[in-house]
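Each chain is listed here by its residues.
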Amino acid sequence: MNAAMNTRNRGAAITGIGVIAPNGVGTDAFWKATREGIPCLDRISREGSEHFPVRIGGQVRGFDPGSMIEERFLVQTDRFTHFAMASADLALDDARLPVDDMSPFAIGVVTASGSGGGEFGQRELQQLYGKGPRYVGPYQSIAWFYAASTGQVSIRGGFKGPCGVVANDEAGGLDALAHARRSIRRGADAMVAGASEASLAPYSIVCMLGWDELSRARDAGRAYLPFTEDACGFAPGEGGAMLVVEEEGAARRRGVRIRGFIAGYGSTFTGASRWERSREGLAQAIRVALEDAQCAPEEIDMVFADALGVPEADRAEALAIADALGPHGTRVPVTAPKTGFGRAHCAAPTLDVVAAVLSMEHRVVPPTPYVTDVCHELDLVTRSSRPAEPRTALVLSRGLMGCNAALVLRGPEGDY
C-alpha cells in the first residue's frame, strides 16, 4: 500500500511543448492558428499524389528540417522522424531541462506512429526495383520502421532511460503519454513523449485508400465536418507534437513553469470500424480515466473530441460523452480543432493535448473550423474561441482498428 501511494505521488508534470503542424511550426504559431480557428486544409500537393481520389489534407508547410537537424541524422531518417526530432528539440528548449546535469539513464523517450516512414521506404523500393539492390541505402532497414523516432530522439539526445514505442492505431498518441506517465511513476525523472506522422506521400496514401472513413471530398470547406449532417469522413493530416513530461517534485525544485499534469488515462478495444460499439468502449475509457484522475464528471471543463467525421462514429461519440459524463455531457464545451488541419493519425490526439494545455493557460476553448450546424446534442464550440476558465480537460481518441482512449489533463493550478 505504501509503495503504491509513493508511486502515485510521483506526479507527471508537463514542462515542455514542441509542435510541427500544418497550421503552424512552433507552439506559438500553432496556438495562434488554433485559437483563431484559422483553417489550412488544402489540395494535397506532394509529388505523385495529385491524382488519388483523396484530394484534401493538412500538409506541413514552411518547415525546413535542415535548419533544425544535423545532416547526418537527416539522411538516415524519414519525414515523420524529422517532425519528431524537431518538435522534441522545441519541447526540451521550452522545458529548459538540464540534461547535462542529469543522469542519461533518468531520461527516456516514447513515441507513437501509425504510418511510419512511408516516403523513405517508397524511395528506396523504387531504387530497388528500378535500378537494383546496390542502389538501396543501408538506412532503409530502419528509417521506415515506426520505432525510428524513439531511436533517433534518444540517440541524438543521449537519453538512455526507459524508451519505448507505441503502435496502437490513432489512439497511440494518448497511449504514448500514458506510457510516459507510468515511466515517471516507476522512477524516471523525465520523459520526452509524443507522436508524429507523415502519411501524405503516395505510398502512404495508397495504404489508406481502403478506409471507408477517409473523406473523398474535393472542397476543403466540405472535407471534414464531424457532428454535422454533411459529415463525409475525415481529411488526413501530418505533423507531430512532443512533450517533456517530468516528475512533479523535480520540476518544482528547479522552479520551471509547469504547464499541466497528466492526471488520468483509460483505454478499451471494440473492434475495427464497429462505430456503434465504440459508444460503450469510449464511455468506459472515459470512466476509467476519470477514476484514475480522481475526477468527478462535472469537473471536466472541456472535451477535445475524437471527431471522426463519420455519421455513425460521431453519434457514438456524442452518446459516449453523455453516458460517461451524465447531464454534464450535454453542457460541457466540446471542440475539435483538428478539422482545420487534418487528422494526423497518432499525432492527432497529441496535438489535441497540446491545444488543451494551451487552452487552460490562455483561458479559452478553441473553435472547430469549418463546422457550423451541429446535429448532435453537444455544446460544440464553432466559429470563434469561447472565453472560459478551464482547469481540467478530457482528450478523446479512437482508432480505425477499434482502439479507444481517454486522457484527463489538469492545469498547473489543478490539484493533482
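Residues numbered from 1 in each chain as written. Predicted model: local features only at pLDDT ≥ 70, side-chain atom pairs only at ≥ 80, totals over all residues. Heavy atoms only, no water.

Just so we agree on the cut-off: UniProt positions are given in the numbering used here, feature names are shortened, and annotations may be inferred rather than shown by experiment.
Under the annotation held in an unreviewed UniProt entry, the protein carries the name Minimal PKS chain-length factor (CLF/KS beta) and is attributed to Streptomyces melanosporofaciens. Looking at the protein in UniProt, the text filed under Sequence similarities (unreviewed entry) is "Belongs to the thiolase-like superfamily. Beta-ketoacyl-ACP synthases family."

A short note on the packing of aromatic side chains
Stated precisely, the cut-off is as follows: Two rings belonging to Phe, Tyr or Trp (six-membered ring only in the last case) form a pair when the distance between their centres is within 6.5 Å. Interplanar angles under 30 degrees mark stacking, angles over 60 mark edge-to-face geometry, and anything in between is tilted. Accessibility here uses a 1.4 Å probe with only protein chains present; expressed as a share of the type maximum, an area under 20% marks a residue as buried, one over 50% as exposed, and anything in between as partly exposed. Note on geometry: a ring has a charge over it if NZ (lysine) or CZ (arginine) is within 6 Å of the ring centre and within 35 degrees of the ring normal.
This model, assessed by the stated rule, comprises four aromatic pairs. Centre to centre, the rings of F145 and Y146 are 4.7 Å apart; their planes meet at 50 degrees, and the pair counts as tilted. Using a relative accessible area of 33% as the deciding quantity, one classes F145 as partly exposed. Ring-pair connections join several aromatic residues into one group, and the members of that group are W144, F145 and Y146. R123 extends its terminal NZ or CZ atom over the ring of F120, reaching a point 4.6 Å from the ring centre. The residue whose ring lies beneath R343 is F234, and the NZ or CZ to ring-centre distance is 5.6 Å.

Regarding the nonpolar core
Put simply, the test is: Buried residues of nine kinds, namely Ala, Val, Leu, Ile, Met, Phe, Trp, Tyr and Cys, make up a nonpolar core once their side-chain atoms join them within 4.5 Å. Labels follow the DSSP assignment, with helices taken as runs of H or I lasting at least four residues and strands as runs of E lasting at least two, numbered in each case from the N terminus. Domain segmentation is taken from an automatic or database assignment of domains. The contact criterion used throughout is that any non-hydrogen atoms of two residues lie within 4.5 Å.
Membership of the largest hydrophobic core comes to 50 residues, with the highest contact counts inside it found for I286, I300, V303, L325, L394, L396 and V408. Among the elements of the structure, α9 (202–208), α11 (275–293), α12 (311–325), β15 (392–398) and β16 (403–410) are those that each provide at least two residues to this core. Sorting elements by how many residues they give to this core places α11 first, with eight residues. Two domains each put at least three residues into this core: domain 1 (1–254) and domain 2 (260–410). Each residue touching I300, except ones within four places of it in the same chain, is listed here: L290, C295, L325, H328, V332, T392, A393, L394 and V408. Judged by nonpolar contacts, the second largest core, of 49 residues, contains A176, A178, Y265 and L407.

Quick look at the pattern of salt bridges
Convention followed: For this document, the term salt bridge refers to a Lys or Arg side-chain nitrogen within 4 Å of an Asp or Glu carboxyl oxygen.
Per the counting criterion, the structure on display carries 23 salt bridges. A salt bridge links E238 to R46; the nearest nitrogen and oxygen atoms lie 3.6 Å apart. Residue E238 is located in the loop between α9 and β8 (239–247), and its partner R46 is located in the loop between β3 (42–43) and β4 (56–57); the two are separated by 192 residues in the primary sequence. Taking the relative accessible area as the measure of exposure, E238 reaches 1% and is therefore buried.

Some details on the environment of M102
As for its position among the elements, M102 is in the loop between α4 (79–95) and β5 (107–112). Leave out the neighbours within four places in its chain, and M102 touches L97, I107, D189 and A190.

Comments concerning a nonpolar patch on the surface
Keep this limit in mind: Within the patch definition used here, like charges are joined within 9 Å and nonpolar side chains (Val, Leu, Ile, Met, Phe, Trp, Tyr) within 5 Å, considering only residues with over 30% relative accessible area and no salt bridge. The protein chains shown are the only cover counted for residues, whose accessible areas, like all others here, come from Shrake-Rupley with a 1.4 Å probe.
Residues W144, F145, Y146 and V165 make up a contiguous nonpolar surface patch of about 340 Å² in total accessible area. Tracing the sequence through the fold places W144 in the loop between α6 (140–143) and α7 (148–157). Residue classification places W144 among the partly exposed residues on the basis of a relative accessible area of 41%.

Some words on unusual backbone geometry
Located in the positive-phi region is H345, a residue other than glycine, with phi close to 50 degrees. As for its placement among the helices and strands, H345 is situated in the loop between β11 (333–335) and α13 (347–362). Residue H345 is classed as buried on the basis of its relative accessible area, which comes to 5%. Positive phi values are uncommon outside glycine, yet R383 reaches one of about 70 degrees.

What to know about the packing of α4 against α7
Keep this limit in mind: Angles here are taken between N-to-C directions and fall from 0 to 180 degrees, while the axes themselves are lines fitted to C-alpha atoms, restricted in helices to the stretch in contact. Working rule for angles: under 35 degrees goes down as roughly parallel, over 145 as roughly antiparallel, 65 to 115 as roughly perpendicular, anything else as oblique. When the near helix sits turned anticlockwise from the far one by under a right angle, the crossing is termed left-handed; a clockwise turn instead gives a right-handed crossing. Note on residue categories: nonpolar means Ala, Val, Leu, Ile, Met, Phe, Trp, Tyr, Cys or Pro, charged means Asp, Glu, Lys or Arg, and polar means any other residue, Gly included.
Their axes nearest at 9 Å, the elements α4 and α7 cross at an angle of 40 degrees. By the angle between their directions, the pair α4 and α7 is classed as oblique. In the crossing of α4 with α7, the sense of the turn from one axis to the other is right-handed. On α7, the residues that touch F80, T81, A84, M85, A88 and D89 of α4 are A148, S149, Q152, V153 and R156. Among the residues forming the contact of α4 with α7, the class breakdown is six nonpolar, three polar and two charged.

Structural notes on the UniProt feature "domain: Ketosynthase family 3 (KS3)" (unreviewed entry) in the protein
Residues annotated in UniProt with the feature "domain: Ketosynthase family 3 (KS3)" (unreviewed entry) correspond here to residues 9–411. As annotated, residues 9–411 comprises 33% helix and 20% strand, and the C-alpha atoms at either end are separated by 17 Å.

Concerning the layout of surface pockets
As a reminder, the rule being used: Detection works on a 1 Å grid of protein atoms alone, calling trapped sets that fit a 1.4 Å probe cavities and calling open sets with protein on both sides within 12 Å along at least five of seven lines pockets, with lining residues defined by an atom within 4 Å of a point. Grid points are joined across faces, edges and corners, and a volume is the space filled by probe spheres set on the points.
A volume near 460 Å³ is recorded for the largest pocket. Together, 25 residues line the largest pocket, and G114, S115, G116, C207 and W211 are the ones closest to its centre. Here the lining of the largest pocket is built from residues that sort into nine nonpolar, 13 polar and three charged. Each of two domains, domain 1 (1–254) and domain 2 (260–410), supplies a minimum of three residues to the lining of the largest pocket.

Describing helix α5 (residues 118–130)
The following threshold applies: Each residue after the first adds 1.5 Å to the expected span of a helix.
Compared with an ideal rise of 1.5 Å per residue, which puts 13 residues at 18 Å, α5 spans 18 Å between its outermost C-alpha atoms and is within 8% of the ideal. For α5, every residue scored as buried is listed here: G118, F120, G121, Q122 and E124. In this structure, the buried residues of α5 make contact with α6 and α9. Of the residues flanking the end of α5, it is G132, one or two places downstream, whose phi is positive at about 125 degrees.

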